[in-house]
Number of protein chains: 2
Amino acid sequence: MSATYWCELAWLGGDEPEAGVVLTLERDRFASVESGVADPPAGATTLPGLTLPGLANAHSHAFHRALRSRTHAGAGTFWTWREQMYALAGVLDPDRYHALARATFAEMALAGITVVGEFHYLHHGPDGAPYADANAMGWAVLSAAVQAGIRITLLDTCYLRGGFEAPLDSVQRRFADADVTAWARRTAALETRPTARIGAAAHSVRALGKASLEAVVDVARERAWVLHAHVSEQAAENEACLAAYGVTPTELLAQVGAPGMGFTAVHATHVTDRDVALLGRSCCCLCPTTERDLADGIGPARALRDAGATLALGTDSNAVIDILEEARAVELDERLISGERGRHTPADLLRAATSAGYESLGWPEGGRLEAGALADFTTLALDGVRLAGTAPADAIPAAMFAATAGDVRDVVVGGREVVRDGAHVDIDVAAELDAAIRAAWA
Amino acid sequence: MSATYWCELAWLGGDEPEAGVVLTLERDRFASVESGVADPPAGATTLPGLTLPGLANAHSHAFHRALRSRTHAGAGTFWTWREQMYALAGVLDPDRYHALARATFAEMALAGITVVGEFHYLHHGPDGAPYADANAMGWAVLSAAVQAGIRITLLDTCYLRGGFEAPLDSVQRRFADADVTAWARRTAALETRPTARIGAAAHSVRALGKASLEAVVDVARERAWVLHAHVSEQAAENEACLAAYGVTPTELLAQVGAPGMGFTAVHATHVTDRDVALLGRSCCCLCPTTERDLADGIGPARALRDAGATLALGTDSNAVIDILEEARAVELDERLISGERGRHTPADLLRAATSAGYESLGWPEGGRLEAGALADFTTLALDGVRLAGTAPADAIPAAMFAATAGDVRDVVVGGREVVRDGAHVDIDVAAELDAAIRAAWA
């Protein structure tokens, strides 16, 4: 199975896009990528606009999509928001979870997202008892991504307790395995698919503690899985960790060997200078639209990069599904507190939105338009009202600072067309979202 | 001329929308607004989704639209950005200015904006000599809005010098009248239209100085014009004002009597506690997407409201034209630095986006869906992917936190349909933007 696309403009990694780029596909990979081809070859599909590598969403909780518009207006803090989220977490079963995740992943496809890291912790029945297949919820979310046409890394999350000194509350029993051994046994039964891989997540230092954290790191290393963890999203988490162990969450993760082994720290908002240095061998996944919504604060993105960390991006709570918005927010939020522009170039931001996310999710062969890479790509229209007037040389800053998910026109994942002319090829996304969200709250 | 619309949902000012709202129009006003009507009356046009009062864009520099995608990637500060903006300001003539403003205002119409305050300072020829009609540029921008179908308040801007001690530079000569008397004489020739009004602007305290500022205030008061001024967008402006007069820009404006007379302070980013108190009888127009882009900082929106100020919103540099995005940014940016959610309710934000902006621009009879008010309204589709799943009771937070300009479906200004099913009724907006921006840079 082969196919040829001719892109009016495409980003091959530089500060400016290349014109006339021919993408030749063999099965799910690029066989060749050639630029400077003035006219479309015979039989090629023409892609007007700007073609990018597929966008990577490195941190998602798909079911939070049902909270959109229902929780933003609330007063209070992250912790009051969490109560509302738990009310939803308490009522989902595998069928409703699948329907909601399928529609949400299809919305991601429309936004140009070609791979998602689903930070999955909703494992067990409402009373905490495992389903007949203990991975019923995991399969529900994994197959949802396959049906929606995007890649997934199911980051199966180990969650053991409510906090350093806190037992599980009634909703958290759904999240928890008995111990790391039970988590490792359950997750050993998860199988990959051509577009689905498995990874590990430690929910947070507070939900595991040091010994269990170390055990999860060991399992991930043995299985060559990537490892993700929520890190210092809230100052309260730091204080609790300091009280329990005398070190920050990042220091605790460093003590158990997480950095340097395919580890991604999610958020890294409230980190010390020492934490920043320790994260220099890791990926840091920022989720700026969620961090705004939840009043988390602004993480030190530039300092993390200066320390050597790579940055990736996530839609997290899915109140917004727009990786372009996440990317520009990394730069714009930092401008607000630094008073300086240009902390990250558009190409820096685009790497975070593509190759860095792929690598964070255990797909290092994706996120780039080059021979041998996964044939995943996303084309933005440049002729809509938002981007009209863009000069070709400015197409990369246009994509990073002015485009939205609504400008995505075509999406291909592993050589398969998933979005064509702004519509999902298989799924009526708005209708399925509406039905799934109603069902979730029924 | 009369017409009747039946809105599935409409916002009449409360925390939740009303269902089944019948809008009856007589010429350019609402004759009646009735809610709870289950079925559309015979002959009524049905508006599915959520109908809002028309959105007010209280601070725009239309020509900056040609900078979109061209300046965001830059390093440096506000002041280096300004050099790029001046390069564009140096080359526009009335024809090119008109074409660019017409396309930009049409983009605003597509975004649901029904009234714009154009902070207009590009008055004279490239060498500073007046055009044969000294208001040629003003007429160009005013007629652009009329043709684009939206209301305008032409805020004709008095600009006299480059800074407290600085003469005009070569580009600034285009902005400057000889003195306030010359500005007052020139602007006396500006005439209103049914959808166009005139107001005054003092560019900034640095561009006028105290005596001239006071003279502009007097002219505005005599003519019953609203008065706008850029206030404390940059810390450097404060420092220069303190050095020149020993007071802050807001204190200087208070000394000459600006607050309490239809005055709008644009930005108010770097203001002291005393400034905040002084602004309590004014409107403050925040422009969050521009303030992010230019690394200005985050203004004290909640404190200004607590002091009694009303808030309005502006797209300013038009790097983004989306009042819904501006509205949510007021709340979300403040969450980032306060760690608290719910500083402004969705209804607070929606008032800023509608009635407060209308009042700031000298149209106090607009921005509300009520009998006697201007028949300006904007309908958001709730069935697109971003808003799918919204419960009717949550439609206001959905509009404020999840909708974008791309969700605007229908727009009516003064009883006239300007946008229908997401398309401008008269103008191919993307094509005109493309042509006008190319011509501006040619």
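Residues numbered from 1 in each chain as written. Chains lettered and ligands numbered in written order. Predicted model: local features only at pLDDT ≥ 70, side-chain atom pairs only at ≥ 80, totals over all residues. Heavy atoms only, no water.

Attention now moves to the overall build of chain A. Along the backbone of chain A there are 16 helices and 16 strands. Viewed in the frame of its principal axes, chain A has a C-alpha envelope of about 65 × 50 × 45 Å. Within the span of chain A, comprising 442 residues, buried residues form 64% of the whole. Contacts in chain A between residues at least 24 apart in sequence constitute 75% of all its contacts with a sequence separation of at least 6. About 13900 Å² of surface is accessible on chain A, with carbon and sulfur atoms providing 51% of the total. Looking at chain A, you have 36 positive and 57 negative side-chain charges, and the mean spots of the two groups are 3 Å apart. (Helix = DSSP H or I, 4+ residues; strand = E, 2+ residues; numbered from the N terminus. Buried < 20%, exposed > 50% of the residue type's maximum accessible area, 1.4 Å probe, protein only. Contact = heavy atoms within 4.5 Å. Areas by Shrake-Rupley, 256 points an atom, 1.4 Å probe, with all protein chains shown as cover. Lys, Arg positive; Asp, Glu negative; His and termini not counted. Charge placed at Lys NZ, Arg CZ, Asp CG, Glu CD.)

Now for the sheet that holds strand β11 (residues 283–286) of chain B. All names here are of chain B. Reading across the sheet, the eight strands line up as β5-β6-β7-β8-β9-β10-β11-β12 and stay open at both edges, with parallel pairing between neighbours. If you trace the sheet from one side to the other, it starts and ends with β5 (55–60) and β12 (310–313), each paired once. Sheet twist, expressed as the average angle between the axes of neighbouring strands with direction ignored, equals 25°. Of the strand pairs in this sheet, strand β10 (residues 263–267) and β11 are connected by three bridges, and their pairing is parallel. (Pairing = 2+ DSSP bridges. Axes fitted to C-alpha atoms, helices over the stretch in contact; angles between N-to-C directions.)

Further remarks concern the packing of aromatic side chains. Inspection of the entire model under this criterion finds 20 aromatic pairs over all chains. Arranged with centres 6.1 Å apart and planes meeting at 80°, the rings of Phe63(B) and Tyr121(B) form a pair that is edge-to-face. Highlighted residues: Phe63(B) in the loop between β5 and α1 (78–89) and Tyr121(B) in the loop between β6 (113–120) and α3 (136–148), separated in sequence by 58 residues. Tyr121(B) sits in the buried class, given a relative accessible area of 4%. Judged by centre distance (5.9 Å) and plane angle (70°), the ring pair of Phe164(B) and Tyr245(B) falls under edge-to-face. With Phe164(B) in the loop between β7 (151–158) and α4 (180–188) and Tyr245(B) in helix α6 (residues 235–245), the pair connects residues that are 81 residues apart, well separated along the chain. Members of the aromatic cluster, connected to one another through ring pairs, are Phe63(A), Tyr86(A), Tyr97(A), Tyr121(A), Tyr159(A) and Phe175(A). Across from the ring centre of Trp363(A), 5.0 Å away, lies the NZ or CZ of Arg151(A), which sits over that ring. (Phe/Tyr/Trp six-rings, centres within 6.5 Å; stacked < 30°, edge-to-face > 60°. Lys NZ or Arg CZ within 6 Å of the ring centre and 35° of its normal.)

Attention shifts here to the sheet that holds strand β2 (residues 18–26) of chain B. Residues and elements named next belong to chain B. The strand order β3-β2-β1-β4-β13-β14-β15-β16 describes an open sheet built from eight strands, whose pairing is mixed. Each having just a single partner strand, β3 (29–34) and β16 (423–424) make up the two edges of the open sheet. Judged from the eight bridges that link them, strand β1 (residues 2–10) and β2 form a sheet pairing that is antiparallel. Opposite Leu9, over in β2, you have Ala19 as the bridge partner.

Turning next to the interface of chain A and chain B. With 54 residues of chain A in contact, the opposing surface of chain B contributes 53 residues. Here chain A packs against chain B, burying approximately 4200 Å² in sum over the two surfaces, 55% of which is carbon and sulfur. Counting the surface chain A buries against chain B, the share from its top three residues, Arg292(A), Leu336(A) and Arg341(A), is 20%. For the interface between chain A and chain B, the tally reads six salt bridges. Where Asp293(B) meets Arg335(A), a salt bridge forms, and the shortest distance between an N and an O atom there is 2.8 Å. (Buried area = accessible area lost by both parts, 1.4 Å probe. Salt bridge = Lys/Arg side-chain N within 4 Å of Asp/Glu carboxyl O.)

This brings us to the relation of the copies chain A and chain B. Mapping chain A onto chain B calls for a screw motion: a turn of 180° about the axis and a shift of 0.0 Å along it, with 0.0 Å RMSD after fitting. Look at the turn and shift together and you get a two-fold axis relating the two. Across chain A, the rotation axis passes nearest the C-alpha of Gly406(A), at a separation of 3.6 Å. Of the residues that chain A buries at the interface, 98% are likewise interface residues in chain B, meaning the two copies contact each other through the same surface. (Least-squares fit on C-alpha atoms with pLDDT ≥ 70 in both.)

For the rest of this paragraph, the subject is unusual backbone geometry. All names here are of chain B. Despite not being glycine, Ser69 has its phi angle at roughly 75°, a positive value. As for its placement among the helices and strands, Ser69 is situated in the loop between β5 and α1. The buried category is assigned to Ser69, whose relative accessible area is 2%.

The subject of this paragraph is the domain arrangement of chain A. Residue and element names in this part refer to chain A. As assigned here, chain A comprises domain 1 (2–53 + 368–424) and domain 2 (55–360). Each of domain 1 and domain 2 has a C-alpha centre, and the two are 29 Å apart. Counting residues at the interface gives 32 residues for domain 1 and 27 residues for domain 2. With both sides pooled, the region where domain 1 packs onto domain 2 buries about 2300 Å², and carbon together with sulfur makes up 68% of that total. (Domains from an automatic or database assignment.)

Residue and element names in this part refer to chain A. In the structure shown here, the tally under the stated rule is 60 salt bridges over all chains. The salt bridge involving Glu365 is made with Arg197; its shortest N-O contact spans 2.7 Å. Placement of the pair is Glu365 in the loop between α14 (355–360) and β13 (377–380) and Arg197 in strand β8 (residues 196–202), with a sequence separation of 168 residues. What makes Glu365 buried here is its relative accessible area of 17%. Residue classification places Arg197 among the partly exposed residues on the basis of a relative accessible area of 26%. We note a salt bridge from Glu325 to Arg292, for which the minimum N-O separation is 3.3 Å. Taken as a pair, Glu325 in helix α12 (residues 323–338) and Arg292 in helix α10 (residues 288–293) lie far apart in primary sequence, 33 residues in all. Owing to a relative accessible area of 11%, Glu325 belongs among the buried residues under this scheme. Residues joined in a network through salt bridges with shared partners are Arg292, Glu325, Arg328 and Asp333.

Tracing the sequence through the fold places Thr290(A) in helix α10. When near neighbours in sequence (up to four residues on either side) are disregarded, Thr290(A) contacts Asp296(A), Thr315(A), Asp316(A) and Ser317(A).

Note: C-alpha distance between Glu365(A) and Ser355(A) (10 residues apart in sequence) is 8.6 Å. Setting aside residues no more than four positions away along its own chain, Glu365(A) makes contact with Arg29(A), Arg197(A), Ala373(A) and Leu374(A).

The next point concerns α12(A). All names here are of chain A. Here α12 spans 23 Å end to end across 16 residues, near enough to the 22 Å set by a 1.5 Å rise per residue. Taking the largest bend as the criterion, α12 deviates by roughly 35°, centred on Ala329. For α12, the buried fraction is high: 14 of the 16 residues fall into the buried class. Just past α12, the residue Gly339 takes up positive phi, approximately 70°. (Expected span 1.5 Å × (residues − 1). Bend = angle between axes of the 7 residues up to and from the residue.)

Residues and elements named next belong to chain A. Among the eight residues in strand β6 (residues 113–120), eight count as buried, and that is most of the element. As judged from the four bridges shared by strand β5 (residues 55–60) and β6, these two strands associate in the parallel manner. Looking across to β6, one finds that Ser60 is bridged to Glu118. Inspection of the sheet shows β6 paired to strand β7 (residues 151–158) by six bridges, in the parallel sense. The residue bridging Glu118 from the neighbouring strand is Leu154, located in β7. With helix α3 (residues 136–148) bridging β6 and its parallel neighbour β7, the resulting β-α-β unit is right-handed. (Right-handed = clockwise from strand over helix to strand, strands pointing away.)

Let us now look at the state of the cysteines. Across all of its chains, the model carries zero disulfides over all chains by this definition. Not part of a disulfide, Cys241(A) finds its nearest cysteine sulfur in Cys158(A), a span of 16 Å. Look at Cys241(A) and you get buried, because its relative accessible area is 0%. Residue Cys284(B) stays outside any disulfide, its sulfur separated by 6.5 Å from that of Cys283(B), the closest cysteine. (Disulfide = S-S within 2.5 Å.)

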